[in-house]
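Tertiary structure, described
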Amino acid sequence: MIWNREMECADRDTMQALQLERLKKTVAHVYANVAPYRKKMDEAGVKPEDIKSLADIVRLPFTSKEDLAANYPTGLFAKPMKEIVRIQASSGTTGKPKIAGYTRSDLAMWGECVARGLTMAGADEDSIVHVSYGYGLFTGGLGAHIGAETIGATVIPMSSGNTQKQVMFLQDMKSTILCCTPSYALTIAEGVAKAGIKPEELALKAGVFGAEPWTQAMRDKIEAGLGIRAHDIYGLSEVMGPGVSTSCEENNGMHIQEDYFYPEIIDPDTLEPVADGEKGELVITTIGKEGMPLVRYRTRDICYLMRDKCACGRTTVRMSRVFGRTDDMLIIRGVNVFPSQVETVIAKFSSELTMNYKLYVGREHNTDTFDLGVELAPGLAIDDIKFAEALKGRVEHALRDMLGIGCKVRLLNEGTLPRSEGKAVRVEDTRKLD
Ligand code: DLL
């Protein structure tokens, strides 16, 4: 099944004509209503009327997460607050998150995009869609939810956690589609096995997994453990949330919803475009959003584009899986973490801690582990057990408040961590995705 044949199977000329019309509209909209865009375009010497073809997009300045930080919280909104009906957010580089605002029409567009993705996984109005992405500011839960509702499926808003209960609902409600992060899908598969349930005893047919990088090996494990077909779904909060692209039954890249998102791939160093099929950084221009449109937004995600025809019949351009990032953002248990956020927390304890720290990310039993090793300030010692335990507790608490996930703190005596002679290596990530 294809949710929107007219858009998903449009011929190139039709799609490009629509993209150009929408690009012009978006650029005029931000130029008229968002001062930081107007300023940047004026500085670059480009006016909305200069955009005459899709190729002219390269004349427009890039937008980055730094622009979101500089205009925190709502400085890039293009509509008055009374027209914004939803706020979502994700981690920013320091203490402040990236805020996204949606109008009613943006929410309808989000529902449409996710509906297309869920349909690729075989969802229809008879489906029971079990959503185990977190609900809240994170776009996973509410994103999958609005897509399933748009289709008219039955949605179970489980949110994440409490795996035993997840397994019970999967079994008792005969859920047919599971939506969660790939690592949580593995945990659920483990829970299913632990409960003595065979995959074929579940009604599950497919899963739509994303929000973190994963590999074919991980997909194989999930498919075997749950007896399903696994689909990849991509997106980011500031651009919309899940549903920017989703993989179809061919499992050969993710179809980008091109009537809403115009993709480019650039070399992150030269900022020049790279050829189709070559890896680079994905840049997205939203061409259907009103509340917070983004022009040439640098996602920092590394992938490549495929324009050959897909056997599923859809004609939209596909992006490969995400291979990594061009910045230092980590995704731990599905949550985005920047080392700079950790640094902001450490700085708050300046009389007790030094800025010599290291983050250790690993993987045990399909779950990410996350530890912080940090040196005590001179004169303080970890053998003062009572003091060290109390400090550890306070730092862990502050980290949880800042990051939204737990991080185990290891206090170290001053001078324990190796000193860097160049760029400090702050992160040791030993996760093997497969
Ligand atoms: O993770 C939105 C989402 C929710 C996507 C549920 C898919 C499913 P953020 O929290 O803003 O939004 O994180 C966005 O997560 O820039 C990528 O680095 C990474 N990411 C998202 N989807 C995938 C994926 C959501 N399928 C950041 N594969 C993005 C690899 C992904 N990485």
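For the structure, see preceding data.
These remarks concern the structure in this document. Everything quoted here is computed from the prediction, not taken from an experiment.

**Things to note about the site of the ligand**
Around the ligand sit 23 residues, and of these Asp232, Ile233, Ser237, Asp301 and Asn336 come closest. The backbone of isoleucine 233 places a nitrogen or oxygen atom 2.7 Å from a nitrogen atom of the ligand. When the free accessible area of the ligand is taken as 600 Å², the share hidden by the protein chains comes to 98%. With 5 residues, the top contributor of residues to the shell around the ligand is strand 7 (residues 229–236). By residue class, the composition of the shell around the ligand is 11 nonpolar, 7 polar and 5 charged.

**Quick word on a nonpolar patch on the surface**
Judged by side-chain polarity, Met81, Ile87 and Leu137 come together as a nonpolar surface patch covering roughly 280 Å² of accessible area. Tracing the sequence through the fold places isoleucine 87 in strand 1 (residues 84–90). Accessibility expressed as a relative area gives 33% for isoleucine 87, which makes it partly exposed.

**Some details on the pairing of strand 3 (residues 128–131)**
By the alternation rule, side chains of strand 3 split into Ile128 and His130 and Val129 and Val131, which are all buried. Judged from the 3 bridges that link them, strand 3 and strand 4 (residues 154–156) form a sheet pairing that is parallel. Across the sheet, the residue bridging to histidine 130 is isoleucine 156, located in strand 4.

**Side note on the pairing of strand 8 (residues 241–247)**
In terms of burial, strand 8 is a largely internal element, 7 of the 7 residues being buried. Looking at chain direction, strand 7 and strand 8 are connected through 4 bridges and run antiparallel. Within the sheet, the bridge partner assigned to leucine 236 lies in strand 8 and is glycine 241. In this antiparallel pair of consecutive strands, strand 7 and strand 8, the connection spans 4 residues.

**Some points on unusual backbone geometry**
Put simply, tyrosine 72 and proline 73 share a cis peptide bond, and its omega is -5°. Its location among the elements puts proline 73 in the loop between helix 4 (65–70) and strand 1. A positive phi angle is found at arginine 296, which is not glycine, with a value near 50°. Position of arginine 296 among the secondary structure elements: in the loop between strand 11 (280–286) and strand 12 (297–303). Even without being glycine, asparagine 366 reaches a positive phi, approximately 65°.

**A look at the sheet that holds strand 18 (residues 353–364)**
Spatially, 4 strands are ordered 20-19-18-21 in an open sheet, and the strand pairing comes out mixed. Either end of the sheet is taken by a strand with one partner, and the two such strands are strand 20 (408–412) and strand 21 (427–429). Direction aside, neighbouring strands of the sheet carry axes that sit 20° apart on average. Note that strand 19 (residues 367–376) and strand 20 share 5 bridges and pair parallel. Its bridge partner being in strand 20, valine 374 is matched across the sheet by leucine 411. Sheet strands in contact with helix 10 (residues 339–347) are strand 18, strand 19 and strand 21, and its direction is about 135° off that of strand 18.

**A closer look at the sheet that holds strand 10 (residues 261–266)**
Ordered by their spatial adjacency, 4 strands build an open sheet running 10-11-12-15, and the pairing between neighbours is antiparallel. Taken across any chain shown, the strands that pair with only one partner, and hence form the sheet edges, are strand 10 and strand 15 (324–325). Strand direction decides the pairing type here: strand 12 and strand 15, joined by 2 bridges, are antiparallel. The partner of isoleucine 302 across the bridge, within strand 15, is glycine 324.

**Considering helix 7 (residues 163–172)**
Within the span of helix 7, buried status applies to Gln166, Val167 and Leu170. Down the axis of helix 7, the smallest arc covering the buried residues is 95°, so these residues share one side. In the core, the buried residues of helix 7 are packed alongside strand 3 and helix 8 (182–194). Within two residues after helix 7, lysine 174 carries a phi angle of roughly 55°, on the positive side.

**A few points about the packing of aromatic side chains**
The way to describe two aromatic rings as a pair is by their centre distance and the angle between their planes. A complete count under the given rule lists 4 aromatic pairs for this structure. For the ring pair tyrosine 133 and phenylalanine 138, a centre distance of 6.4 Å and an interplane angle of 65° mean the geometry is edge-to-face. Its relative accessible area of 28% is what places phenylalanine 138 among the partly exposed residues. Pairing tyrosine 304 with phenylalanine 323 gives two aromatic rings, centres 6.0 Å apart and planes at 20°, and the pair type is stacked. In this pair, tyrosine 304 sits in the loop between strand 12 and strand 13 (305–306) while phenylalanine 323 sits in the loop between strand 14 (318–319) and strand 15, placing the two residues 19 residues apart along the sequence. Phenylalanine 323 gets classed as partly exposed once you look at its relative accessible area, which sits at 34%. Above the ring of phenylalanine 62, the side-chain terminus of arginine 296 is found at 4.1 Å from the ring centroid.

Thresholds applied
Residues numbered from 1 in each chain as written. Predicted model: local features only at pLDDT ≥ 70, side-chain atom pairs only at ≥ 80, totals over all residues. Heavy atoms only, no water. Near = heavy atom within 4 Å. Polar contact = N/O pair within 3.5 Å; in protein donor to acceptor, adjacent residues only side chain to side chain. Areas by Shrake-Rupley, 256 points an atom, 1.4 Å probe, with all protein chains shown as cover. Helix = DSSP H or I, 4+ residues; strand = E, 2+ residues; numbered from the N terminus. Nonpolar A, V, L, I, M, F, W, Y, C, P; charged D, E, K, R; others polar. Patch = residues over 30% accessible without salt bridge, like charges linked within 9 Å, V, L, I, M, F, W, Y side chains within 5 Å. Salt bridge = Lys/Arg side-chain N within 4 Å of Asp/Glu carboxyl O. Buried < 20%, exposed > 50% of the residue type's maximum accessible area, 1.4 Å probe, protein only. Pairing = 2+ DSSP bridges. Axes fitted to C-alpha atoms, helices over the stretch in contact; angles between N-to-C directions. Contact = heavy atoms within 4.5 Å. Arc of directions from axis to C-beta. Phe/Tyr/Trp six-rings, centres within 6.5 Å; stacked < 30°, edge-to-face > 60°. Lys NZ or Arg CZ within 6 Å of the ring centre and 35° of its normal.

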